[in-house]
Every structure is written in C-alpha cells, then in structure tokens.
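# Per-entry structural report
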Amino acid sequence: VRAGLKEKAESALKKVEAEIQRMGHRCDREPYHYLISLYAGTSNLAEVYRIRKILKSSFKVTNNTSTLIMIQSLARLDDIDGFKKIFQEWEITCSSYDLRLAKTAIMMYVKHGLIKEAEDVIDNILKRCKGPFYQHCKPLILYYLDKSQVDLALGCLKAALCEVKDNERHQTYEDVKSFVMEYFKKERNVTGAEKCCKILKSLKPLDFEAYRLLLETYVAASKIAPELRCRIMDDGIEITSELEKLLERVCPE
C-alpha cells in the first residue's frame, strides 16, 4: 500500500481474508479493522464496505472501535454520504459516547462545510460527556474565525473550555494564544481580543505574551486603552522595554 502497488496489496489482503475465514470464531475484530484500513489505503471503497458487512455479520454487537475504524476510512476516502449515515446511526444507538468518533465527525463535517452537523455533534458532546472538549471543538472554532464569525468562535471556545482539567490548562492556554489571539491581531479586532483575554483568564492569569498580543492588537487597530498599564501591573507582569514601547502607544499620558 505504501509503495502504491495496489494490485499486489489487494492480492495480499485476499490471502489475509482467507486466513481470517479459516480461523472462524477464533478470530476477533482486530484483523477486520486492519482489512478495512488497508483497503481504504488502496482507495477501494467497495471492499471497505464489503469487509464491514462481514464484520457486522460475524459479531452481534458493533463496538465503538469498529465504527471508528470505519468512519476514519470513509473520511480518508472522502465518502461524506456514507460517513454521515454510519456516524448518525452510531450516535443514535451507542451505549457509550466515544469522543474519538465525535472528533473525527467534526473534522469531516467542517471539511465539507456541514456546519450545522458539526454544531450538533458538539451539542451532543456537551450533553453526554465530561471534558475537556477543546481539541474536539478546535476545527469548528477555526472555521468560524476563517469566516469572520467571531461571536460564534468565541462562544464555541468558551463552551469547549468549560471542563479543561488542571493538567491541560497550560497547553490549552498556549494553543488559544497561538491562533485565536494572533487572529485578532491580524484582523485588528480589539473587541474580539479583549473577549478572548477574558476567556483565557478563566484558565489562568494573563501572562506577558497574552498582554503583548493584546497591546499589538490595539496598536494595529490604532486604538488606545489608558487602563491597560494598570491591568498589566496589577497582574504582576514585568514591563520590559518591548512592552513599554507598546504601552507608550496604547496608554498615552
């Protein structure tokens, strides 16, 4: 498969399948998972569905991992109709809501512009699971920002951070700064930057980098905020020469 020799790959896969059938009930689900993934690697959608059908007939219950392997393969092959059908069937019937499937669905839906479907998945995540949800919601947040739908992006961000665990706060905080704050700086959107800072403060106090980005946003937008110097000092941020130059422009005396 990696060498692009699809005919040889499929010939080998037929031999694997014959061995699986010979093993009968001694075989578990995992070999079928490999077959589905490898057939997806040969871009053979018909074989992906055929192996899934055999898998379903061999086991009374289709578990989350089997469904995950299938929708990941359909995503790889860009089969949005089949993907949507299988994922929505799983959402209705699953006994445990698996965030791995939800994340895969959000990414696939956003890729195909099915934003209502992606939003519905996030609603289900919030209702049925415990956090954190930030990495799952990130593709939709990025979509909103790309479409300049700032309020929707910030609303989704706030919901995604509602249950971030202590050991993930720093990583999430840094990630939000790296793309959300940079976005507002690029767009010269002071209001959005301030709202984002408020959300960041729910994770941990604003640091030097966050204030630097905020000040640079004010400078880019040619706006002033006299109270920012006091806010920075109150948060115990060291005012370096770099920060002072920005403050002179944003907080004129």
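Details of the structure are given in the entry above.
Quick look at the structure, then.

What counts and what doesn't
- Residues numbered from 1 in each chain as written.
- Predicted model: local features only at pLDDT ≥ 70, side-chain atom pairs only at ≥ 80, totals over all residues.
- Heavy atoms only, no water.
- Helix = DSSP H or I, 4+ residues; strand = E, 2+ residues; numbered from the N terminus.
- Rg over C-alpha atoms; globule rule 2.2 N^0.38 Å.
- Buried < 20%, exposed > 50% of the residue type's maximum accessible area, 1.4 Å probe, protein only.
- Contact = heavy atoms within 4.5 Å.
- Areas by Shrake-Rupley, 256 points an atom, 1.4 Å probe, with all protein chains shown as cover.
- Lys, Arg positive; Asp, Glu negative; His and termini not counted.
- Charge placed at Lys NZ, Arg CZ, Asp CG, Glu CD.
- Axes fitted to C-alpha atoms, helices over the stretch in contact; angles between N-to-C directions.
- Parallel < 35°, antiparallel > 145°, perpendicular 65-115°, else oblique.
- Left-handed = near helix turned anticlockwise from the far one by under 90°.
- Nonpolar A, V, L, I, M, F, W, Y, C, P; charged D, E, K, R; others polar.
- Expected span 1.5 Å × (residues − 1).
- Arc of directions from axis to C-beta.
- Core = buried A, V, L, I, M, F, W, Y, C linked by side-chain atoms within 4.5 Å.

A count of helical and extended segments in the protein gives 14 helices and 0 strands. Listed by position from the N terminus, the elements making up the protein come as α-α-α-α-α-α-α-α-α-α-α-α-α-α. By the compact-globule yardstick of 18 Å for 253 residues, the protein is too spread out, its C-alpha radius of gyration being 24 Å. For the protein, the proportion of its 253 residues judged to be buried stands at 47%. Relative to all contacts within the protein whose residues are 6 or more apart in sequence, the contacts with residues 24 or more apart total 64%. Split by element, the accessible area of the protein, about 14000 Å² in all, is 51% carbon and sulfur. Of note, the protein has its 42 positive side-chain charges centred 6 Å away from the centre of its 38 negative side-chain charges.

Next up on the list: the packing of helix α9 (residues 150–160) against helix α10 (residues 169–187). It is the contact of α9 with α10, at a shortest axis distance of 12 Å, that shows an interaxial angle of 160°. Taken together, the axis directions place α9 and α10 in an arrangement best described as roughly antiparallel. Classified by chirality, the crossing of α10 by α9 is left-handed. Facing α9, whose interface residues are Val-150, Leu-154 and Leu-157, α10 presents Val-176, Val-180, Tyr-183 and Phe-184. Of the residues belonging to the contact of α9 with α10, the class tally is 7 nonpolar, no polar and no charged.

In this section: the environment of Cys-27. Here Cys-27 is to be found in the loop between α1 (6–23) and α2 (30–41). As a C-alpha pair, Cys-27 and Cys-137 span 110 residues in sequence and 37 Å in three-dimensional space. Here Cys-27 is in contact with Ile-20, Tyr-32 and Phe-59, once residues within four sequence places are set aside.

Moving on: helix α7 (residues 115–128). It helps to recall that an α-helix has 3.6 residues per turn; residues three or four apart then point in one direction. Between its terminal C-alpha atoms α7 stretches 20 Å, which fits the 20 Å expected from 14 residues at 1.5 Å a residue. For α7, every residue scored as buried is listed here: Ile-115, Glu-117, Ala-118, Val-121, Ile-122 and Ile-125. Taken down its axis, α7 places every buried residue within 165° of arc, on the same side. For α7, the exposed residues lying more than 90 degrees away from the buried face are Lys-116 and Lys-127. Of the surrounding elements, those touching the buried residues of α7 are α5 (80–93), α6 (99–111), α8 (134–146) and α9.

By size, the foremost hydrophobic cluster in this structure holds 86 residues, and its most contacted members are Phe-83, Phe-87, Tyr-97, Val-121, Leu-157, Phe-184 and Leu-228. The dominant element in this core, judged by the number of residues it contributes, is α6, at 8 residues. Once you skip the residues sitting within four places of it in the chain, Leu-228 turns out to touch Tyr-211, Leu-214, Leu-215, Tyr-218, Val-250 and Cys-251.

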